[in-house]
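Listed below, chain by chain, are the residues.
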Amino acid sequence: MAVPLSPEQRASLDGFFLPQVLDTRLLVLAETRVENPAFYPLLRQMGFTNLPNFTTMAAVTFGDVVVSHQPFSDGLLFHELVHVEQYRRLNRRGMAAVTVAAVIPDIDGIGIVAEVLTRHSSHPLLWFSEYHHALHSLAFAVVVAILTFTLTRSWLTAGLAFIAFHLHLLEDLVGSRGPDGFIWPVPYLQPFTSQLTWSWGGQWQLNAWPNLALTLFLLAITIWIAVVRGVSPVFLFSVKADAVVVEALRRRLGYRVGRLPGA
Ligand SMILES: [Zn+2]
């Protein structure tokens, strides 16, 4: 089983890595070795000859677990933890893209600025009234997914952005009724056709209790992930600030690293 760093290993690497990186778990293989990926034969057929050989490497890093073929020296451990940090930073762009995809449909509401500013003029602009929710559509979701792929080169991340976008549409559908009782529709196939515009008579108001309950529930999950997995939404903006937030939450909640059941 993978085990946390020993207190001695932690102490000697403290200061070089963030506490979250020191949460990496280690697995030393005695009898078996890490196998090469199943797609290697295919790559060789395609002409790739200099593929890295996992079976002869000293150690391989998979996300937050380092698997080694030999006992960890300080040097080997240091080298592998650098990879853990690299993966964390690589992930950051993808996480940011998915987060943006979840809120970006609402940029069609930006017309409210023009509408409010020109409200009392002789030619009021009705950009908010006419275009709000115009981008809550499949076409824009596809654009966002393609942009995400261009930025991250990852189909998985692009797919997650597509799903996050649709989660936004679903949330608007069930719980975005205005204070005046207006039920927001989702014009899913705009600008091509008004057919398949979604709306739901049971749509609750923006400030209704289900939205409040959901907010508290998701906030609790966010804090749980920050404490146990060592990453908070602050990570999207600053790696260092995120470390401070995670540490503060852990201290406040009395969480000790390495005490996880099953870790
Ligand atoms: Zn929306």
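It should be emphasised that the depicted structure is a prediction, and the values quoted were computed from it without experimental measurement. (Residues numbered from 1 in each chain as written. Predicted model: local features only at pLDDT ≥ 70, side-chain atom pairs only at ≥ 80, totals over all residues.)

Things to note about the overall build of the chain
At step 1: Within the chain, the regular secondary structure consists of nine helices and six strands.
At step 2: Relative to the compact-globule value of 18 Å for 263 residues, the chain shows a C-alpha radius of gyration of 24 Å, a clear excess of over 25%.
At step 3: Seen through its principal axes, the chain has C-alpha atoms that stretch 75 × 55 × 35 Å.
At step 4: Buried residues in the chain amount to 18% of all 263 residues.
At step 5: Nonlocal contacts in the chain, meaning residues at least 24 apart in sequence, comprise 56% of its contacts between residues at least 6 apart. (Helix = DSSP H or I, 4+ residues; strand = E, 2+ residues; numbered from the N terminus. Rg over C-alpha atoms; globule rule 2.2 N^0.38 Å. Buried ≥ 20, exposed ≤ 12 C-beta atoms within 10 Å, placed from the backbone. Contact = placed C-beta atoms within 7 Å.)

Describing the pairing of strand β2 (residues 25–28)
At step 1: Pairing between strand β1 (residues 3–4) and β2: two bridges, direction antiparallel. Each residue of the ladder has a partner; that of proline 4, found in β2, is arginine 25. (Pairing = 2+ DSSP bridges.)

A closer look at unusual backbone geometry
At step 1: Along the chain, glutamine 190 connects to proline 191 via a cis peptide bond; the corresponding omega equals 0°.
At step 2: You will see that arginine 153, though not glycine, has its phi angle at about 55°, which is positive.
At step 3: Structurally, arginine 153 can be placed in the loop between α6 (138–152) and α7 (155–175).
At step 4: Judged by the 11 C-beta atoms lying within 10 Å of it, arginine 153 falls in the exposed class.

Topic: helix α3 (residues 74–103)
At step 1: Its 30 residues place the ends of α3 44 Å apart at the C-alpha level, agreeing with the 44 Å of an ideal helix rising 1.5 Å per residue.
At step 2: At arginine 92, α3 shows its largest kink, close to 25°.
At step 3: Turning to α3, its buried residues are Glu80, Leu81, Val84, Arg88, Ala97, Val98 and Ala101.
At step 4: Those residues of α3 that are buried lie in contact with α1 (7–13), β3 (59–62), β4 (65–68), α6 and α7. (Expected span 1.5 Å × (residues − 1). Bend = angle between axes of the 7 residues up to and from the residue.)

Description of the packing of helix α8 (residues 209–229) against helix α9 (residues 239–252)
At step 1: For the pair α8 and α9, the least separation of the axes is 9 Å and the interaxial angle reads 95°. Viewed along their axes, α8 and α9 adopt a mutual orientation that is roughly perpendicular. When α8 is examined against α9, the residues Ile223, Ala226 and Val227 are found in contact with a partner set consisting of Val245, Val246, Leu249 and Arg250. (Axes fitted to C-alpha atoms, helices over the stretch in contact; angles between N-to-C directions. Parallel < 35°, antiparallel > 145°, perpendicular 65-115°, else oblique.)

What about the nonpolar core?
At step 1: Ala97, Val98, Ala101, Ala141, Val144, Ala145, Ala158, Leu160, Ala161, Phe162, Ala164 and Phe165 form the largest nonpolar core, which has 12 residues in total.
At step 2: Of the residues forming this core, the biggest block, six residues, is contributed by α7.
At step 3: Counting five residues, the second-largest nonpolar core is a separate cluster that includes Val231, Phe235, Ala243 and Val246. (Core = buried A, V, L, I, M, F, W, Y, C linked by C-beta atoms within 7 Å.)

Things to note about the domain arrangement of the chain
At step 1: Assigned domains of the chain: these are domain 1 (3–72), domain 2 (91–207) and domain 3 (211–263).
At step 2: Here the C-alpha centroids of domain 1 and domain 2 sit 42 Å apart. (Domains from an automatic or database assignment.)

Examining α7
At step 1: Compared with the 30 Å implied by 1.5 Å per residue over 21 residues, the 30 Å span of α7 between its first and last C-alpha is a close match.
At step 2: The complete set of buried residues in α7 reads Thr157, Ala158, Leu160, Ala161, Phe162, Ala164, Phe165, His168 and Asp172.
At step 3: Where α7 is buried, its residues touch α3, α6 and β5 (186–187).

Some remarks on the packing of α3 against α6
At step 1: Where α3 meets α6, the closest approach of the two axes is 10 Å, and the angle between their N-to-C directions is 165°. When the axis of α3 is compared with that of α6, the two are roughly antiparallel. Crossing of α3 over α6 shows right-handed handedness. In contact with Arg93, Gly94, Ala97 and Ala101 of α3, α6 contributes Val144, Thr148, Leu151 and Thr152.
At step 2: Of the residues contributing to the contact of α3 with α6, the split by class is four nonpolar, three polar and one charged. (Left-handed = near helix turned anticlockwise from the far one by under 90°. Nonpolar A, V, L, I, M, F, W, Y, C, P; charged D, E, K, R; others polar.)

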